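Overview (structure and organization)
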Amino acid sequence: SIPVVTLDGPTASGKGTVAARVAATLGYHLLDSGALYRLTALSATRAGVPSDAVDALASLAAGLDVRFGDDTIEMGGEDVSRAIREEAIGLFASAIAVHQPVRDALVARQHGFRRAPGLVADGRDMGSVIFPDAPVKVFLTASVEARAARRYKQLKEKGFSANIQDLSEALRERDARDTARAAAPLVAPQGAHRLDTSEMMVDQAVESVLGWCRD
Ligand code: C5P
């Protein structure tokens, strides 16, 4: 079967960067599953659908008209790659990701990314729920301080305003919700390699993951 490398972990743990680098090195496809939750959140925000309207949210998720390009994400023909990175959209995404019907609505779309020669999948439940048979599973962690600093840098680079204190609080809130929820809580999957990236350079993290892929 087509190989999958899963990278799960909390927000700003470095998953996205590491996943992109590993996928590029191996020549594999890339699934940024968080983007699907963010896209659903953006559609909901625009349509005025509140975070507890489960059925409406699930149908928005099922009907997402999205195209993933190399550097862009288009929804209904509009480049929304910047809009979905807003911190408010990330928070809204985590609020709607607690609903099992919303998660269910995104499963088939995620499985569709598994194409030859292989897939690197980045998210919260990639190894535990979506691709439980993945031969290589990685669980990334990092301290709240390291992650807040990382997110601050990312947001600044994109030209968003940001504040470390607010970011730390938002991270804690998002982590608590992602970990405590009943539907696909954020946990290290069975058999996952653990990688703490607090003190680690991207290159080192990428090398560790590639090493596990070679084993
Ligand atoms: O990874 P990212 O920050 O883009 O994800 C946004 C939110 O989407 C997360 O806080 C989480 O609640 C949700 N999510 C999820 N399962 C995934 C990926 C993201 O529940 N596989």
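Here's a quick rundown of the structure. (Residues numbered from 1 in each chain as written. Predicted model: local features only at pLDDT ≥ 70, side-chain atom pairs only at ≥ 80, totals over all residues. Heavy atoms only, no water.)

Observations concerning the overall build of the protein
When its secondary structure is counted, the protein shows nine helices and eight strands. Over its C-alpha atoms the protein spans a radius of gyration of 16 Å, differing by no more than 12% from the 17 Å that the globule rule assigns to 215 residues. Taken along its principal axes, the extent of the C-alpha atoms in the protein is 50 × 40 × 35 Å. Evaluated residue by residue, the protein yields a buried proportion of 47% over its 215 residues. Within the protein, residue pairs in contact and separated by at least 24 positions form 77% of the contacts whose partners lie at least 6 positions apart. Working note: accessible area of the protein is about 10,000 Å², and carbon and sulfur atoms make up 52% of it. Across the protein, 25 positive and 28 negative side-chain charges occur, with their mean positions spaced 1 Å apart. (Helix = DSSP H or I, 4+ residues; strand = E, 2+ residues; numbered from the N terminus. Rg over C-alpha atoms; globule rule 2.2 N^0.38 Å. Buried < 20%, exposed > 50% of the residue type's maximum accessible area, 1.4 Å probe, protein only. Contact = heavy atoms within 4.5 Å. Areas by Shrake-Rupley, 256 points an atom, 1.4 Å probe, with all protein chains shown as cover. Lys, Arg positive; Asp, Glu negative; His and termini not counted. Charge placed at Lys NZ, Arg CZ, Asp CG, Glu CD.)

A closer look at the site of the ligand
Taken together, 17 residues sit near the ligand, with Arg-38, Arg-103, Asp-125, Asp-178 and Arg-181 positioned nearest. Here an oxygen atom of the ligand sits 2.7 Å away from a polar atom, N or O, in the side chain of Arg-103. At 2.7 Å from an oxygen atom of the ligand is found a side-chain nitrogen or oxygen belonging to Asp-178. The protein chains hide 97% of the 450 Å² of surface that the ligand would expose on its own. With respect to the detected pockets, the ligand is housed in the largest pocket. The residue makeup of the shell around the ligand, split by class, is four nonpolar, five polar and eight charged. (Near = heavy atom within 4 Å. Polar contact = N/O pair within 3.5 Å; in protein donor to acceptor, adjacent residues only side chain to side chain. 1 Å grid on protein atoms, 1.4 Å probe; cavity = no way out; pocket = protein on both sides within 12 Å on 5 of 7 lines; lining within 4 Å. Sits in = over half its atoms within 2 Å of the grid points. Nonpolar A, V, L, I, M, F, W, Y, C, P; charged D, E, K, R; others polar.)

Re the environment of Val-102
Looking at where Val-102 falls in the secondary structure, it is placed in helix H5 (residues 100–111). Val-102 sits in the buried class, given a relative accessible area of 0%. If sequence neighbours within four positions are ignored, Val-102 has contacts with Val-54, Leu-57, Ala-58, Ala-61 and Ile-96.

Things to note about the packing of aromatic side chains
Taken as a whole and assessed by the stated rule, the structure comprises one aromatic pair. Ring geometry for Phe-68 versus Phe-113: centroids 5.5 Å apart, planes at 80 degrees, classification edge-to-face. Taken together, the residues span a long stretch of sequence, with Phe-68 in strand S3 (residues 66–68) and Phe-113 in the loop between H5 and strand S6 (119–123) at a distance of 45 residues. Of note, Arg-82 hangs over the ring of Phe-160, and the distance from its end group to the ring centre comes to 4.1 Å. (Phe/Tyr/Trp six-rings, centres within 6.5 Å; stacked < 30°, edge-to-face > 60°. Lys NZ or Arg CZ within 6 Å of the ring centre and 35° of its normal.)

Quick word on the sheet that holds S3
An order of S3-S4-S5 is seen for the three strands of this open sheet, with the pairing classed as antiparallel. Because the sheet does not close on itself, it has two edges, and the strands there are S3 and strand S5 (78–79). Judged from the three bridges that link them, S3 and strand S4 (residues 73–75) form a sheet pairing that is antiparallel. For Val-66, the partnering residue across the bridge sits in S4 and is Met-75. Together, S3, S4 and S5 form the strand contacts of helix H2 (residues 33–47), whose direction differs from that of S4 by roughly 35 degrees. (Pairing = 2+ DSSP bridges. Axes fitted to C-alpha atoms, helices over the stretch in contact; angles between N-to-C directions.)

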